[in-house]
Every structure is written in C-alpha cells, then in structure tokens.
Amino acid sequence: MKIHFDGAAQTVTGSQHLIEVNGYHMLLECGLYQGKRSESYTINHTFPFDPKQIDAVLLSHAHIDHSGNLPNLAHDGYKGPVYATPGTVSLAEIMLRDSGHIHEADAGYMNKKLARQGKPLIEPLYTIPDVESAIRLFVKREYNQEFEPVPGVKARFVEAGHILGAAAIVLDITENGSTKRLWFSGDIGRLDLPIVRDPVLPENADYLMMECTYGDKVHRDPELAFEEFCQVVQNTVKRKGKIIIPAFAVGRTQEIVFFLNRMFENNLIPRIPVFVDSPLAVGVTDVFRMYPQYFDEETHRFMQQTHEMALFYKGLTYTRSVDESKAINNMSGPLVIISASGMAETGRILHHLKNNIEDARNTIMIVSWQAPNTLGRRLADQEKTINIFGERYVRKAEVVTIGGLSAHAGQDMLLEYAEATQKTLKQLFLVHGEERGAMPLMEKLHQHGFENITFPARKQVAEL
C-alpha cells in the first residue's frame, strides 16, 4: 500500500491523498488549493496523477477545500463513484454549483476590466457543466454503513463533528493476506459546538492520517468565544456601524446565525437586522431541515424552548438575488452581514468589504482560520492597505479575530483523538496543517509516548 500526499500536505487547503492498494487507486478528497492566485490556478488545474486511472473517490465533507476540485477531476476524465454521506452529498451539490457560478462570475467581472485595459482575458477555474459532471458521480453511504470502494477494501464513514454530514473515513485494507486499518480523520470537530454532534474517536487503527490545523493551540471554551462575539456586536452597535463577517457558507454561517439567535433571545443585544448574503444559503438551510437527526441535543433543546427553528427568526434575512445584495449597501447600521467566502477570496463578501472597509464605524469579524496569501489573512494580520478587485483601499474599519469559534479541534482534542487508538498505532501522519501547527503538536505527541510521526510534504509518498 502506498499513500501519495498530493494536497493539504504541510498546508491546510487542497486536501487530496491518493492510495494505491492491490493495483487499484483510491482518492481521499479532491479539494481546492487556496493561496496566491497564479499558483492556485496551476495547482488546481494540474493533477499529479491521471484522473482516468482513479477507481474511486471518498469524500469526508463538503467544504470546498475538500470537495471543490471535483469538477476539474471530472473534466479531466474521472468517471468513477464519489462516495460520501447523504448530508455531504446534499451540501456538496449546492456548494459546487455555487462555486462554479462564482468562478464564472468572477472571471467575467475581471475580464470586463482586462478588456478595457487591452490585456489578455482569463478563463474560469471551471464551469457549471464541469460541476454537473462531478455531481452525477456522487454515491451516498450512511454513517457506519460498510461498503467496498475497490476490491480488498472495506470502508465506512463515522461522525467527525465538523459540519453537517462530515465524516472520518475508516478503511480496512486487505493486502497480501493481511488486513490493516487506515483511519483518515478528515476535519475533526470540537466537543460541545452548536448544531453538530461530537466527533467519534478512532479505534484499532494501524495508521492514522490526522489533521493538525490548530495543533499549536488549545481553543477557548466556545462560551467564551460567544461572550467575546457578543461584546464586539455591542461595541459596533454603539458606533451605529456594520459587522461584516466573512464566513464559510456551510457550518460557520449556521453557527454564527445560531449564536445571534441566542443573543437576541436572551436580550444580550438589540434586535438589529441580520443578512446572510450568499446564493447558497437558502439551499444550505433546506439541507439542514432535511437532516435534523444530525443535530446535537443542545440544538434540539433550543428549538423546543423557543418554538422556532434555530436558523430562522425575526430580523434574519437570507438573500439570493444580486439586487437584494446591492440593496444592503444602501442601508445604515447597525446591522450584521454574513457572507461567503470564508477566506474572503471570492463571492459577495468582496463587494461588502469594498463598500465598508474605509468606514471606521464598521467591524470586520474574522471567525475562521485564514490561509496564507488570502485577503482574509491580510485582514487578520491587520494590514492597513488592502487590494480588492485590483483596487487599493485604506482600511479604517476595525478588524477583530475570534478564534474560539473554530470548528476544528484544538491541540487538546487532537491529542485525545490520537490517544484513543495509540495502543494499536504503527504510524501517525499529520496532514491539513502548516508547520506552525504540526511542530508543537508533534512535540506534544512525543511527550505522550507516540513514535513514528510524519509530517509529509506535498507529493511525498509513504509505503506501508
């Protein structure tokens, strides 16, 4: 068995791991790499393998850095199944369509400027027809339902606690007469987060591929993050400003909407308007309605007590059309705008930032990890001059980062996750993390008695 670490290796985005076993090729994840635009475009368009030679794809969850390059895989000739949980399939369908639309729209927007300047036009990363080709490949598998993606491999999905439908992937691989268990964590959630259930810990794994995004830190209690969030809203309301929140359309957006609902219900903030400005928000909410069995006990209790859906309440507006989005810019604060993308690289959030970044009354709230060289990272780093759509803006809006809202496990949870299968573990691979997250975690793991820990680089191969 060989594992090719082709993405999310010594970085966070672009999750992609190729497994060779018994002459077959399985791909775990096919996510978009995000970083410098020219580098991202090349990496996302150039697979280090022949897509036609892949026999099966297994997808842990719907976030674009895990699923977002499936359209290019299909475009380049992959025609096999893409296995995922029903929740992941439902979310990925609308997320990929939205992603395709954004890539086409952003290319069109830039091409208008390039044409006026007499410069060469650009092509979108992929198109809606590419997306539809990828969607036709999805095959649903329930949590804990065993299936055989390729001969000699028994697979199942278990709860990852990250977003709705997210799963770790358990592979029991029989090769040369012996069976080994490879456990791929996907993105590991945290205990006691709103809406989603807690992650299932690994067991009896011979090999563990584990994310390490926040391996350098222990997250604060989510309730402390809630309190800080509330204070930021209160401060901005006093200035009659707008709170602009770049947020992933699935997972983080719903958590923020749920938190705001709690604040309103407990009279912690005045009932100011809240806009979720993302074309896929309505579709995402419909998916959440489809899978209430994936909700945790806290969310069910809240709905029983308030007699309303956790993600629908007075003053909350989900916008779909461009005209509705533009109309928000003509409104005076205080109000909240939650918009995709989470790293502020594409989508309507760019227009909201452009229109509000030079007003000192406003607050830009960073609520998730930001990849290097993204607009979100430059904002989180408190840069004063910001480029948006090729134009320079002087940032006067306050930027506040609230790390405690992360849906990724912190160092303590990652240790607990690995220790759950320590007795059987032969090798541990740290993926989906930068060096600053991996090295402190590796040191902690050594202190806890772990050996054979690897932090593979992109395109590195491990033979097991």
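Analysis parameters
As a convention, each chain's residues are numbered from 1 in the sequence order in which they are written. Local features in a predicted model are, by the rule used here, given only for residues with pLDDT of at least 70; side-chain atom pairs are given and counted only at 80 or more, and totals for whole chains, interfaces and linings are based on all residues. Side-chain numbers here rest on the full set of heavy atoms in the structure, without hydrogens or water. A patch consists of residues whose relative accessible area exceeds 30% and which take part in no salt bridge; residues with like charges are grouped when within 9 Å of each other, and nonpolar side chains (Val, Leu, Ile, Met, Phe, Trp, Tyr) when within 5 Å. Accessible surface is estimated by sampling points in the Shrake-Rupley manner with a 1.4 Å probe; for residues, cover comes only from the protein chains shown. Every case where a carboxyl oxygen of Asp or Glu lies within 4 Å of a side-chain nitrogen of Lys or Arg is listed as a salt bridge. We score Asp and Glu as negative and Lys and Arg as positive, and we do not count His or the chain ends. Every charge is mapped onto a representative atom, which is NZ of Lys, CZ of Arg, CG of Asp or CD of Glu. Under the DSSP-based scheme used, a helix requires at least four consecutive residues in state H or I and a strand at least two consecutive residues in state E, with every element numbered from the N terminus. Remark: exposure states derive from per-residue accessible area (1.4 Å probe, protein chains only) relative to the maximum for the residue type, with buried under 20%, exposed over 50%, and partly exposed in between. Fitted lines through C-alpha atoms serve as axes, helices being fitted only where they are in contact, and the angles separating the N-to-C directions of these axes extend from 0 to 180 degrees. Angles below 35 degrees are treated as roughly parallel, those above 145 as roughly antiparallel, those between 65 and 115 as roughly perpendicular, and all remaining angles as oblique. By the convention used here, residues are in contact when the closest approach between their heavy atoms is within 4.5 Å. Helix span, as expected, comes to 1.5 Å for every residue beyond the first. For two strands to be treated as a pair, DSSP must find no fewer than two bridges joining them. Only Phe, Tyr and Trp rings take part, Trp by its six-membered ring, and two of them pair if their centres are within 6.5 Å. Stacked means planes under 30 degrees apart, edge-to-face means over 60, and tilted covers everything else. A ring has a charge above it when a Lys NZ or an Arg CZ is no more than 6 Å from the ring centre and no more than 35 degrees off the ring normal.

Undergrad: So what's going on with a negative patch on the surface? Which residues, and what values?
TA: On the surface, D192, D198, D221 and E227 cluster together to form a negatively charged patch. Note that D198 resides in the loop between β9 (178-184) and β10 (207-211). You can call D198 partly exposed: its relative accessible area is 34%.

Undergrad: Describe the packing of helix α6 (residues 222-238) against helix α7 (residues 252-265), listing the residues and the values that go with them.
TA: In contact at an axis separation of 11 Å, α6 and α7 are set at 70 degrees when each is read in the N-to-C sense. Taken together, the axis directions place α6 and α7 in an arrangement best described as roughly perpendicular. Between α6 and α7, the contacting residues are P222, E223, F226, F229 and C230 on the first element and I256, F259, L260, R262 and M263 on the second.

Undergrad: Give me helix α4 (residues 86-117): which residues, what numbers.
TA: A rise of 1.5 Å per residue sets the reference length of α4, with its 32 residues, at 46 Å; its end C-alpha atoms lie 47 Å apart and thus fit the reference within 8%. Once α4 finishes, G118 follows within two positions and takes phi at roughly 75 degrees, a positive value.

Undergrad: Explain the sheet that holds strand β20 (residues 453-454) residue by residue, including any values.
TA: Spatially, six strands are ordered β7-β8-β9-β10-β19-β20 in an open sheet, and the strand pairing comes out mixed. On the outer flanks of this sheet lie β7 (153-159) and β20, each paired with one strand and no other. Relative to β10, β9 runs parallel, the two being bridged by three bridges. Looking across to β10, one finds that W183 is bridged to L208. Of the strands in this sheet, β8 (167-175), β9 and β10 touch helix α13 (residues 411-419), which is tilted by about 165 degrees from β10. Helix α14 (residues 435-447) rests against β10, β19 (427-431) and β20 of the sheet, and its axis sits at about 160 degrees to β19.

Undergrad: With reference to specific residues and values, describe the packing of aromatic side chains.
TA: Using the criterion set out here, one finds ten aromatic pairs in the structure. Relative to F429, the ring of F5 has its centre 5.3 Å away and its plane inclined at 45 degrees; by these criteria the two rings are tilted. Of this pair, F5 sits in strand β1 (residues 2-7) while F429 is found in strand β19, placing the two residues 424 residues apart along the sequence. Considered together, F5 and F429 belong to a single accessibility category, that of buried residues. When the centroid spacing of 5.4 Å and the interplanar angle of 35 degrees are considered together, the rings of F47 and F49 count as tilted. Note on accessibility: F47 and F49 belong to one class, buried. The structure contains a cluster of three or more aromatic residues connected by ring pairs, namely Y83, F147 and F157. Directly above the ring of F226 sits R262, whose terminal nitrogen or CZ lies 4.0 Å from the centroid.

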